[in-house]
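Inside the fold
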Amino acid sequence: MKIGPYILPNNVILAPMAGITDRPFRQLCSEFGAGLVVSEMLISNTTLQNHPRTLKKADLSADTGLRSVQILGADPAQMAAAAKLNQQRGAQIIDINMGCPAKKVCSTAAGSALLRDEPLVARILEAVVAAVDIPVTLKIRTGWNPQNRNAVKIARIAEQSGIQALTIHGRSRACKFEGHAEYETIKSVKQIAKIPIIANGDIDSADKAKQVLDYTGADAVMIGRAAQGRPWIFREITANLQGTPQTPLSLTEIKTVIARHLENLYSFYGKDTGVRIARKHIGWYFDRLGALPAAQKLAINQAQDTRLQLDLVDASFNLFSPRAT
């Protein structure tokens, strides 16, 4: 699959997720074979561009593959300026967020709220494309609500504006993450689109990824929540799509992956912040493996020291039988 001049190594992509797709997590997913990883969304508000948290999110210094940065906003001029700034900081692809359903995002008329205003969508896309000389991609939902699915119209606007690839999450904004994603809309967009179409939503296994690709005709799949606590899902999906047998990771291998992820979090954020951010990842990892006793979960979540947190995680593996997973 190509995005502008870039040929991706495969068609399985890590979704941008606020508070999750930081540099340590992107690195891990890349190592497990993600064909492209996308940064957390960066707000386009000019007053926040040099805020420490923004700079942390925008840190691309250790990314080894294509560097894709997602930006968020509702003002064409601010979005254009943010795109230009992130290109200067090393981005090779700019992704525009018109899919986030969060209330605090939509209340500012950004994210998926923009799908209600097609002329504004066009102005934003045209401004961003004109501001940079790297590919610009777009992520949307099927529409504002199930009664107003306008993804086909948005796709046409995107193509006319110079967008190089379009990701569609198979839910409307009103659906948030409830119910099940539908892929009929993605299929309809693919039938009329000339640019690559990326399918997103509820793709949580190698078999599901193949089913969605076969049904929609999409060029790629994007994996979001299914990668939380399971970054090796990219290896599983790509192996399945290529017809290559894949041995599941053993508990020992998973323990090594988690320890390395935590060490990278401590190094990237500093020990105090790293310990706090690690807690949610630890929770996701063990949710995949099986329930931990309440006392063990509490001890991990109350740990303030990196060594203690690592030791508690290591000890937790003694509660599981040594089987592959």
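Residues numbered from 1 in each chain as written. Predicted model: local features only at pLDDT ≥ 70, side-chain atom pairs only at ≥ 80, totals over all residues. Heavy atoms only, no water.

1. A few points about the sheet that holds strand S6 (residues 93-98)
- Pairing is parallel around the closed barrel formed by 8 strands, whose spatial order is S3-S4-S5-S6-S7-S8-S9-S10. Between one strand axis and the next, the sheet turns through 30 degrees on average, direction left out of account.
- Packing against the sheet, helix H6 (residues 151-161) makes contact with strand S7 (136-141) and strand S8 (165-169), and its axis sits at approximately 170 degrees to S7.
- Contacts between helix H7 (residues 184-192) and the sheet are confined to S8 and strand S9 (197-200), with S9 contributing the most and set at about 175 degrees to the helix. (Pairing = 2+ DSSP bridges. Helix = DSSP H or I, 4+ residues; strand = E, 2+ residues; numbered from the N terminus. Axes fitted to C-alpha atoms, helices over the stretch in contact; angles between N-to-C directions. Contact = heavy atoms within 4.5 Å.)

2. Considering the packing of helix H3 (residues 76-88) against helix H5 (residues 118-131)
- The N-to-C vectors of H3 and H5 enclose an angle of 30 degrees; their axes lie 8 Å apart at closest approach. Overall, the two elements H3 and H5 adopt an arrangement that is roughly parallel. In this structure, the crossing between H3 and H5 has a hand that is right-handed. Residues Pro76, Met79, Ala80, Ala83 and Lys84 of H3 touch H5, and the partners they reach there are Leu120, Arg123, Ile124, Ala127, Val128 and Ala131.
- Taken together, the residues of the contact of H3 with H5 break down into 9 nonpolar, no polar and 2 charged. (Parallel < 35°, antiparallel > 145°, perpendicular 65-115°, else oblique. Left-handed = near helix turned anticlockwise from the far one by under 90°. Nonpolar A, V, L, I, M, F, W, Y, C, P; charged D, E, K, R; others polar.)

3. Digging into the pattern of salt bridges
- Overall, the coordinates contain 9 salt bridges when judged by the stated rule.
- In this structure, Glu31 engages Arg260 in a salt bridge whose closest nitrogen and oxygen atoms are separated by 2.5 Å. Residue Glu31 is located in helix H1 (residues 23-31), and its partner Arg260 is located in helix H10 (residues 251-269); the two are separated by 229 residues in the primary sequence.
- We note a salt bridge from Arg149 to Glu182, for which the minimum N-O separation is 3.2 Å. With Arg149 in the loop between S7 and H6 and Glu182 in the loop between S8 and H7, this residue pair connects regions lying 33 residues apart in the sequence.
- Through salt bridges that share partners, Arg171, Asp202 and Arg225 make up one connected network. (Salt bridge = Lys/Arg side-chain N within 4 Å of Asp/Glu carboxyl O.)

4. Points about the nonpolar core
- Among the nonpolar cores identified, the biggest contains 61 residues, and Leu138 and Ile223 are the most heavily contacted of them.
- Tallying contributions element by element places H5 first for this core, with 6 residues.
- Contacts of Leu138, omitting those with residues within four sequence positions, involve Asp95, Ile96, Met98, Leu125, Ile154, Ala158, Ile163, Ala165, Leu166 and Thr167.
- Formed by 26 residues, the second largest nonpolar core is a distinct cluster that contains Val257, Ile258, Tyr266 and Ala278. (Core = buried A, V, L, I, M, F, W, Y, C linked by side-chain atoms within 4.5 Å. Buried < 20%, exposed > 50% of the residue type's maximum accessible area, 1.4 Å probe, protein only.)

5. Brief notes about the UniProt feature "active site" (unreviewed entry) in the protein chain
- The residues that UniProt annotates with the feature "active site" (unreviewed entry) are Cys100.
- Residue placement: Cys100 occurs in the loop between S6 and helix H4 (103-106).
- The exposure class of Cys100 is buried, given its relative accessible area of 14%. (UniProt positions renumbered as here; feature names shortened; annotations may be inferred.)

6. Here we look at the pairing of S6
- Of all 6 residues in S6, 6 are buried; the element is thus mostly enclosed.
- Both faces of S6 are covered, namely the face carrying Ile93, Asp95 and Asn97 and the face carrying Ile94, Ile96 and Met98.
- Pairing of strand S5 (residues 68-72) with S6 involves 4 bridges; the strand directions are parallel. Bridge pairing in S6 links Ile71 to Ile96.

7. Concerning the side chain of Ser172
- Looking at where Ser172 falls in the secondary structure, it is placed in the loop between S8 and H7.
- Its relative accessible area of 2% is what places Ser172 among the buried residues.
- The residues contacting Ser172, other than those within four sequence positions of it, are Arg141, Thr142, Gly143, Trp144, Asn145 and Pro146.

8. Observations regarding the environment of Ile94
- Relative to the elements of secondary structure, Ile94 occurs in strand S6.
- Separated by 27 residues in the primary sequence, Ile94 and Arg67 place their C-alpha atoms 8.7 Å from one another.
- If we skip the residues at most four places from it in the chain, Ile94 touches Val69, Ile71, Ala83, Asn86, Gln87, Val128, Ile134, Pro135, Val136 and Thr137.

9. Here's the deal with unusual backbone geometry
- Positioned with a positive phi, Asp202 is a non-glycine residue whose angle comes to about 65 degrees.
- Within the secondary structure layout, Asp202 lies in the loop between S9 and helix H8 (206-216).
- Residue class for Asp202 comes out partly exposed when judged on its relative accessible area of 22%.

10. Quick notes on empty space enclosed by the protein
- One pass over the structure, following the stated rule, counts 1 cavity of 30 Å³ or more.
- Quantified by volume, the largest cavity comes out at close to 70 Å³.
- Ile3, Ile13, Leu36, Val38, Ser68, Ile93, Asp95, Thr137, Thr167, Ile198 and Met222 together form the lining of the largest cavity.
- Split into classes, the residues belonging to the lining of the largest cavity amount to 7 nonpolar, 3 polar and 1 charged. (1 Å grid on protein atoms, 1.4 Å probe; cavity = no way out; pocket = protein on both sides within 12 Å on 5 of 7 lines; lining within 4 Å. Points joined across faces, edges and corners; volume = space filled by probe spheres on them.)

11. Looking at the pairing of S9
- Of the two faces of S9, the one holding Ile197 and Ala199 and the one holding Ile198 and Asn200 are both buried throughout.
- Of the strand pairs in this sheet, S8 and S9 are connected by 4 bridges, and their pairing is parallel. What sits directly across from His169, in S9, is Asn200.
- Considered for its hand, the β-α-β crossover made up of S8, H7 and S9 is right-handed.
- As judged from the 3 bridges shared by S9 and strand S10 (residues 220-223), these two strands associate in the parallel manner. Considered in S10, the bridge of Ala199 is made with Val221.
- Between the parallel pair S9 and S10, the chain is carried across by H8, and the sense of this crossover is right-handed. (Right-handed = clockwise from strand over helix to strand, strands pointing away.)

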